[in-house]
Amino acid sequence: MTTEKIEKTVLRSPLGILATATATHGTGQPESEANADNTDIPLPRLPGFVESAFSPLAYEVSRQCLTERPGDGARTAVALATLMGDTTTADLASRRMVSGRVHNPLLFMQATANAVLGYTSQEFGITGQTFSLSTLDDPVAELLAMADLLLEDPELDRVLVLGVELGGGERLAAAYRELAADSGRPVPDLPATAGLAAAVLLGRPGGEAPVSVRSAEAYDADDTGAAGHPGSIQGLFDLAAAHRRLLRDGGSHLLVTEPRSPAFILTAGAEARNETENHAHQ
């Protein structure tokens, strides 16, 4: 039996993890000690945002990170990844149109991601760049690569990255079936009204970031699990869980979010400081 080695790197240098946050709504996840960090929450009310869980969840995980680790908004950038966007608003607008009802101008799903990023930026005084990404590739790799690139700018110190994923109706299911047809990936089974969000506040590695993340040079493909559905943000939840565990226990963790995708190594404490010093001397 042979073991396939995957060698793909994304990050040119390590990143420091300043804070992580996750939130779910409407998933039916029972509250227990085992999943205390992923228990459904009531949606916070945001002025101007209606019907959908997309913006409240995006704001909630952003708020948690930015409140836990306050910083200079002028030196902070934000990037949001979501494959399908605000599917609740898209479905509702489509049903209203088909039924002949008057269009509600608030039901404009194309603007939701940018609108909530603007609201978050206003609330926390963020004047750095903001980006919305839609990708079929692994959102973790895409967002970490974006943060790595942005932090090449000496005028930035931090990048908040987040992902949002919602359930939906038959229209959404059909879109996922089309995307998964040639790849063999599953179709998500989130309830129609469910939502997931996760955020990671990143900076340069150092004293303020007790955990760092870097690209893994190689890993065993045989050790990875099955592929998730297209656009799944489960990898961000896995990253947040690994971050919490390393803060508590120390050590290191290999994070593989998708089979045959780039992997990452998270390290805590003295190991993270040693990595930072080694990188600085290279």
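Conventions we followed
- Residues numbered from 1 in each chain as written.
- Predicted model: local features only at pLDDT ≥ 70, side-chain atom pairs only at ≥ 80, totals over all residues.
- Heavy atoms only, no water.
- Helix = DSSP H or I, 4+ residues; strand = E, 2+ residues; numbered from the N terminus.
- Expected span 1.5 Å × (residues − 1).
- Buried < 20%, exposed > 50% of the residue type's maximum accessible area, 1.4 Å probe, protein only.
- Pairing = 2+ DSSP bridges.
- Axes fitted to C-alpha atoms, helices over the stretch in contact; angles between N-to-C directions.
- Lys, Arg positive; Asp, Glu negative; His and termini not counted.
- Salt bridge = Lys/Arg side-chain N within 4 Å of Asp/Glu carboxyl O.
- Polar contact = N/O pair within 3.5 Å; in protein donor to acceptor, adjacent residues only side chain to side chain.
- Core = buried A, V, L, I, M, F, W, Y, C linked by side-chain atoms within 4.5 Å.
- Contact = heavy atoms within 4.5 Å.

**Some remarks on helix H4 (residues 139-150)**
Move 1: Between its first and last C-alpha, H4 extends 16 Å over 12 residues, near the 16 Å set by a 1.5 Å rise per residue.
Move 2: Most of H4 is tucked away, with nine of its 12 residues classed as buried.
Move 3: Of the residues making up H4, those classed as buried are Pro 139, Val 140, Ala 141, Leu 143, Leu 144, Met 146, Ala 147, Asp 148 and Leu 150.

**Observations regarding the sheet that holds strand S2 (residues 15-25)**
Move 1: Pairing is mixed across the open sheet formed by eight strands, whose spatial order is S4-S3-S5-S6-S2-S7-S10-S9. The open sheet terminates on both sides in strands that have one partner only, identified here as strand S4 (130-133) and strand S9 (252-256). Between one strand axis and the next, the sheet turns through 25° on average, direction left out of account.
Move 2: Where strand S3 (residues 76-81) lies against S4, four bridges are found, and the strand directions are parallel.

**Some details on the side chain of Arg 158**
Move 1: The topology assignment puts Arg 158 in strand S5 (residues 158-166).
Move 2: It is Asp 157 that comes nearest to the buried, bridge-free Arg 158 among opposite-charge side chains, at 7.0 Å.
Move 3: Of the polar contacts made by the side chain of Arg 158, one reaches the backbone oxygen of Arg 69; its length is 2.5 Å.

**Quick notes on the environment of Thr 39**
Move 1: Tracing the backbone through its elements, the reader meets Thr 39 in the loop between S2 and helix H1 (54-68).
Move 2: On the accessibility criterion, Thr 39 (17% relative accessible area) is buried.
Move 3: Separated by 13 residues in sequence, Thr 39 and Gly 26 place their C-alpha atoms 9.6 Å apart.

**Topic: the nonpolar core**
A general tendency of soluble globular proteins is for nonpolar side chains to be buried together.
Move 1: Judged by nonpolar contacts, the single largest core of 34 residues is most densely connected at Leu 144, Leu 202 and Leu 266.
Move 2: For this core, the elements supplying multiple residues, two or more each, are S2, S3, H4, S5, strand S6 (195-203), strand S7 (211-215), helix H6 (234-249) and strand S10 (263-268).
Move 3: Beyond its immediate stretch of four places on either side in the chain, Leu 202 contacts Leu 15, Gly 16, Ile 17, Leu 18, Leu 144, Ala 147, Asp 157, Arg 158, Val 159, Val 161 and Val 213.

**A closer look at the pairing of S6**
Consecutive side chains of a regular strand alternate in pointing toward one face of the sheet and then the other.
Move 1: Counting buried residues along S6, nine of its nine residues qualify, which places the element largely inside the surrounding structure.
Move 2: Residues of S6 alternate between two faces, with Gly 195, Ala 197, Ala 199, Leu 201 and Gly 203 on one and Leu 196, Ala 198, Val 200 and Leu 202 on the opposite face, all of them buried.
Move 3: Bridge count for S2 against S6 is nine bridges, and the pairing is antiparallel. By the bridge assignment, Ala 23 is partnered in S6 with Ala 197.
Move 4: Looking at chain direction, S5 and S6 are connected through nine bridges and run antiparallel. Residue pairing in the sheet places Gly 163 in a bridge with Ala 198 of S6.

**Observations regarding the environment of Arg 171**
Move 1: Its location among the elements puts Arg 171 in helix H5 (residues 170-180).
Move 2: Exposure remark for Arg 171: the relative accessible area of 42% places this residue in the partly exposed category.
Move 3: Through-space distance from the C-alpha of Arg 171 to that of Thr 87 is 9.2 Å; in sequence the pair is 84 residues apart.

**Brief notes about H6**
Move 1: Here H6 spans 22 Å end to end across 16 residues, near enough to the 22 Å set by a 1.5 Å rise per residue.
Move 2: Positive phi shows up at Gly 250, right after H6, with a value of about 75°.

**What about the pattern of salt bridges?**
Move 1: In the structure shown here, the tally under the stated rule is five salt bridges.
Move 2: For the salt bridge of Arg 75 with Asp 157, the shortest nitrogen-to-oxygen distance reads 2.5 Å. Taken together, the residues span a long stretch of sequence, with Arg 75 in the loop between H1 and S3 and Asp 157 in the loop between H4 and S5 at a distance of 82 residues.
Move 3: Classification of Asp 157 by relative accessible area gives partly exposed; the value is 33%.
Move 4: Overlapping salt bridges bring together Arg 75, Asp 157 and Arg 204 as one network.

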